Structure formats: C-alpha cells, structure tokens
Amino acid sequence: MRKISGSQALIEALLHEGVDTLFGYPGGQAIPIYDTLYDYKDRLNHVLVRHEQGATHAAQGYARVSGKVGVTVVTSGPGVANTITGIADAMMDSTPIVVIAGQVPASLLGTDAFQEVDVIGVTQPITKWAYQVRNADEIAWAVARAFYIASTGRPGPVVLDIAKNAQVGMTDYQPVIIDHIRSYIPVPDMETEKIAEAAQLINEAKKPLALVGQGVILGNAEKELLHFLRKADIPAASTILGLSALPSNEPLNVGLLGMHGNIAPNLKTNECDILIAIGMRFDDRVTGDLNTYAKQAKIIHLDIDPSEIDKNVKVDVPVLGDAKMTLGELTKQLKENKHTQWIETFKPHWDKEIESVIKSELYPETGALKMGEVVHKVSEATGNQAVLVTDVGQNQMMGVRYFKFSQTRSVVTSGGLGTMGFGLPAAIGAKFGAPDRTVCLFVGDGGLQMTIQELGTIMQSNIDVKIILLNNEYLGMVRQWQELFWQERYSETVMNNPDFVKIAEAYHIPGRTVETREELDEAVKQMLETKGAYLLEAKVLQKGMVYPMVPAGTCVTNILLGEE
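### Here we look at the sheet that holds strand S3 (residues 45-48)
Next, step 1: The parallel open sheet is built from 6 strands, whose spatial order is S3-S2-S4-S5-S7-S6. Both outer strands of the open sheet, S3 and strand S6 (129-133), are each paired with one neighbouring strand and no more. Across this sheet, the average inter-strand angle for adjacent strands is 20 degrees, counted without regard to direction.
Next, step 2: Pairing analysis gives 7 bridges linking strand S5 (residues 97-103) to strand S7 (residues 157-163), with the strands arranged parallel. Looking at S7, one finds that valine 99 is bridged to valine 159.
Next, step 3: In the packing of helix H7 (residues 139-151) onto the sheet, the strands contacted are strand S4 (70-74), S5, S6 and S7, and the crossing angle to S6 comes to about 170 degrees.

This is how it looks when you write it as structure tokens:
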C-alpha cells in the first residue's frame, strides 16, 4: 500500500479498471480530480466536452461500440444536474456508464452550500447504483463496485458522488477487485427444465419467429444467435437497438420491428405460432396494443433481467440467464429443421413494401432530395461497414431503416428515452470507442441545435466524425404526427435555421450543402475522402413522411403506407 490523495486513488482505480478515455468538464468541486489528471496525460485521455449532457452521451456512444464502460467526470451542482438526461437515457437503453461527480465537502452537505445538489436523491431512480463517497478510504472500493455493477448482468449507469474532502484527503491505496456483491445477482441461474420446454415448443413449431433485442449484443451472443436461427431455420426480426446483431444480408433476417418497422415482421408477429423474444423488453413501440399482440402464439422469452418477464407481455416459457449461455444450451436441444414455406410467406409483404414505400424513398426520379436516399447513398459508399449514429426523429427512423450493417455494435441511437441532442456527442464517443471505423451521424436540424456546441469538442480533439444533416426545416417527426393526427395544425414545428455550414467552418470543420440528387454521389464521396470531421448538409423534402407507420397504441397489423 502507498499513501496517496483520494483524487490520485480515483485515477489509479480507473486505470485498474482498464479505462483509457474520460469525457468531462471541470468545475470547482472537481478541481482536485482535474489537478491529478494533469499528471496522467500520457496514460489517460480526457476529452473536454462543451456541456455535461454531451459528456454522458459521449460515454454512451463509447460504451455501445466498444463494449466497455463509458466514464464521465463532472463537477457538482449544475455540472452533475446536466448529466441527468444522459443517465436516464443509459438506464433505458442498458448502457454501462459511470458518472463521477465532484461534491461539496462532507462538512457542508445539507447546508445548501454553493453548487450543492442532492445527487443521490436525484439519480437513484435512474441508476443501477448511486453512492456518495465521503472519505478517501472509500474511493478504491467504490470505483471497483461501480464498474462491477455497471458492466454485469443487465448493464446500466452508476453514479459516484465524491465529496471534495474525499478528493484531497490521504488514503492507503491498493487496487480493489469486486466480483461478488451480496444480494446482487447479475445473472440468474439457468433452469434446464425451461430450456427443455422452450426447445420442445420450437421443435414442434410450424411458424416460428424470433425477435432479437440488444440483449444479444450486450451478451456477446451474436454467433450463438446465428447458430440457433440457422439450425432451426427461424426467421428473425430486430428491435432498433438489436439491429446489428445480425448482418443485414443474412437470409433469415426479415427486418425491423415496431412503429416504423417493416411490414412483414409486424404482420407475422400476429400470425406466428411460436414467438421467441431474445434480449428485448416488449417496448410499446414494438408491441402496439397489448390486447391484440401475438394472441395466437406461444411466447418464449429469453432475458437476463427477471423483472422483464411478464412485465408487458405474458409469456408461456421464461428462460432466464445470459443470452450466450441460454441460446447455446437451447440450440443443443433443437432439431435440424426447415420452415421454407413459412419464410416464403414473408416475401409478398416485402414486395409490397418495396413497391409502396422503398422505391419512392430510395430511388425518386424527381422532386426534392429524400432522407432515405441520402442514408442509402452513404451506407453504400461505406460498403455497409460504418457505425451508424443517429439523433432522434425522422432522421433516426430513416437511418435505422435504410443503413445496412455487416458487423455487430454498429448502431448507436437513443431508443427508450428518445433523446434529441443525443447524436452529435454520441458520435464523438463512438469514434473514441471504435477509432478504426468510419462513424456516420445522421441528425436533423432540430436535434443538431440541441448539442451543436459539441462541434467545439470535435475541433479541439480533432475527431473524425462524418455528420450528415438531414435538414427539412421542421421538427419533422412531430410535424408528421400533426399532419396525420392533428389536422395539419403545425404548432411550433417550423424551424428558422442558421447557415450550418458556416457554423461548422467557424469550428474549422469543412462542409457543403447539397440540394439535388445529381450532386449527391460526389458530395458523399468528398465527405468520406476528407480527412477528419465533415458536415454534409442535405436539404431534403420539407414535408417528407416516414412510412410504414403503426399509429401509437394500435394493433401492429394496423400499418399505414402513405397515400392510400
């Protein structure tokens, strides 16, 4: 053991956990931490963001593509309060991050001291664990526990609120390893009888359908999933966060579930005889009206979190455990099978979607640029190898519908919380998490302006992010709902926008604007060939729509296809 300050113990503990990158913003109650960081510049990369919300979203992007824990460091009061949106987002999307916040000295707690906020009280409902460190001797233990909780079981956010006296106090430091916490069971025991029940149902099924969620990716179970599907010849549809668990060109991949998902898997949800949900939580945007959802099917639910079983959808066979293990054991008990006739019934619905939606979105011959064709062009130009990051809204739905994937951990988007402003900082984090991959951000004019200050982070840290701004001069998704369900009363959804390319140039980020499809290919090529960050603004159809669409709260078979 050696006597060091609490701040140094914090940095040493982070290094012990394998941390290489921090996203943060200094302030009065975190100065001791930042002073210590000054001596660790060669071992720890700190990315100075422009807003603490950006720090949490960057940590999320980093975690999602790297599979590691993202780390944020901020100060007390408004600093940590600004992280709340990112923490809530990480909780909803099961993203492992650790937020480290400075706090006023323990002697001042509860006195309404300058920049004091009850961090634990505020964050407990939206974290896996929130803990206040009041003396230096707790720091190594708290960090080890934080990383263990954040990264194990169903991942999620953890907050450490570190009083300033703990940062400056001295402690006998030695690394702490935590691999067990009493009463915390990250992975429930696998029940062999449930595996056998599930296998029997699948072996007898005539019309099986798998629903793939992010749990497959979080559990590193992509290979096991593919083996499972191929052995029993089961078509599989994905949630938005589960999209890249399967390559886009996998024959058994039948598309995207949900409100703006593909026609075939949504319809077939209410036709299959066995529904196998894997690492997904039956979100309302996937199920629609629960009273009409998959009532004809026996439902098998594989999940690591017991609280998800029967939470929204009553299941016939719950299979608890880590997806890598449960899928592996389940596959052993499956018969080699073929469901050719069942799978063929998906094709007419795909053909209908191509004719009624996809052709006009991806290959329009006249009129303004469309979001879908821009997404499609960029995906093709990257060889479908890039990481897709989106903001929230129409840009998000078009991104996940038309970007294609060849490898896992290729989708970074705000799923459960739907956070506008997520995209730009998340793309920054994604690039640090996967430095050798191209990162393409699709963002709308509304979402970009919520965290546009992070262009300064890109400038200062020289981050190679390709920003594709789909500018329709509206809050597009809200406008779409106003058009369809609110008698075209466009209340406060028109956007008067600045010159985005000039703003980017002020941050020394090159860019250009395209308005016609004739210049689109060359513009995409220029963006991808430019070294470093680039902003490509595409002026797209102002009142474009995202179809198909299942109206909220209705049956998943109630699918709108546009002009009908």
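### A few points about empty space enclosed by the protein
Empty space among the atoms can be located by rolling a probe the size of a water molecule over them.
Next, step 1: For the structure shown, the criterion picks out 3 cavities of 30 Å³ or more.
Next, step 2: In this structure, the largest cavity occupies an estimated 50 Å³ of space.
Next, step 3: Surrounding the largest cavity, Arg64, Gln214, Ile217, Leu241, Ser244, Arg409, Ser410 and Val411 form its lining.
Next, step 4: For the lining of the largest cavity, the class distribution of residues is 3 nonpolar, 3 polar and 2 charged.

### Considerations on H7
Next, step 1: Its 13 residues place the ends of H7 18 Å apart at the C-alpha level, agreeing with the 18 Å of an ideal helix rising 1.5 Å per residue.
Next, step 2: Burial within H7 is extensive, with 10 of its 13 residues counted as buried.
Next, step 3: Among the residues of H7, those classed as buried are Ile139, Ala140, Ala142, Val143, Ala144, Ala146, Phe147, Tyr148, Ile149 and Ala150.
Next, step 4: A positive backbone phi angle near 60 degrees is found at glycine 153, which sits one or two residues after H7.

### Some remarks on the pairing of strand S18 (residues 466-471)
Next, step 1: Most of S18 is tucked away, with 6 of its 6 residues classed as buried.
Next, step 2: Residues Lys466, Ile468 and Leu470 point to one face of S18 and Ile467, Leu469 and Asn471 to the other, with burial holding for every one of them.

### Observations regarding the packing of helix H3 (residues 52-66) against helix H19 (residues 423-433)
Next, step 1: Taken N-terminus to C-terminus, the directions of H3 and H19 make an angle of 40 degrees; their axes are 6 Å apart at the nearest point. As the angle between them shows, H3 and H19 are arranged oblique. In the packing of H3 onto H19, the handedness of the crossing is right-handed. Together, Gly54, His57, Ala58, Gly61, Tyr62, Val65 and Ser66 of H3 and Pro425, Ala426, Gly429, Ala430, Phe432 and Gly433 of H19 make up the contact between the two elements.
Next, step 2: Across the contact of H3 with H19, the residue classes break down as 7 nonpolar, 6 polar and no charged.

Rules behind the numbers
- Residues numbered from 1 in each chain as written.
- Predicted model: local features only at pLDDT ≥ 70, side-chain atom pairs only at ≥ 80, totals over all residues.
- Heavy atoms only, no water.
- Pairing = 2+ DSSP bridges.
- Helix = DSSP H or I, 4+ residues; strand = E, 2+ residues; numbered from the N terminus.
- Axes fitted to C-alpha atoms, helices over the stretch in contact; angles between N-to-C directions.
- Contact = heavy atoms within 4.5 Å.
- 1 Å grid on protein atoms, 1.4 Å probe; cavity = no way out; pocket = protein on both sides within 12 Å on 5 of 7 lines; lining within 4 Å.
- Points joined across faces, edges and corners; volume = space filled by probe spheres on them.
- Nonpolar A, V, L, I, M, F, W, Y, C, P; charged D, E, K, R; others polar.
- Expected span 1.5 Å × (residues − 1).
- Buried < 20%, exposed > 50% of the residue type's maximum accessible area, 1.4 Å probe, protein only.
- Parallel < 35°, antiparallel > 145°, perpendicular 65-115°, else oblique.
- Left-handed = near helix turned anticlockwise from the far one by under 90°.

By themselves, these are just geometric observations and shouldn't be taken as functional.
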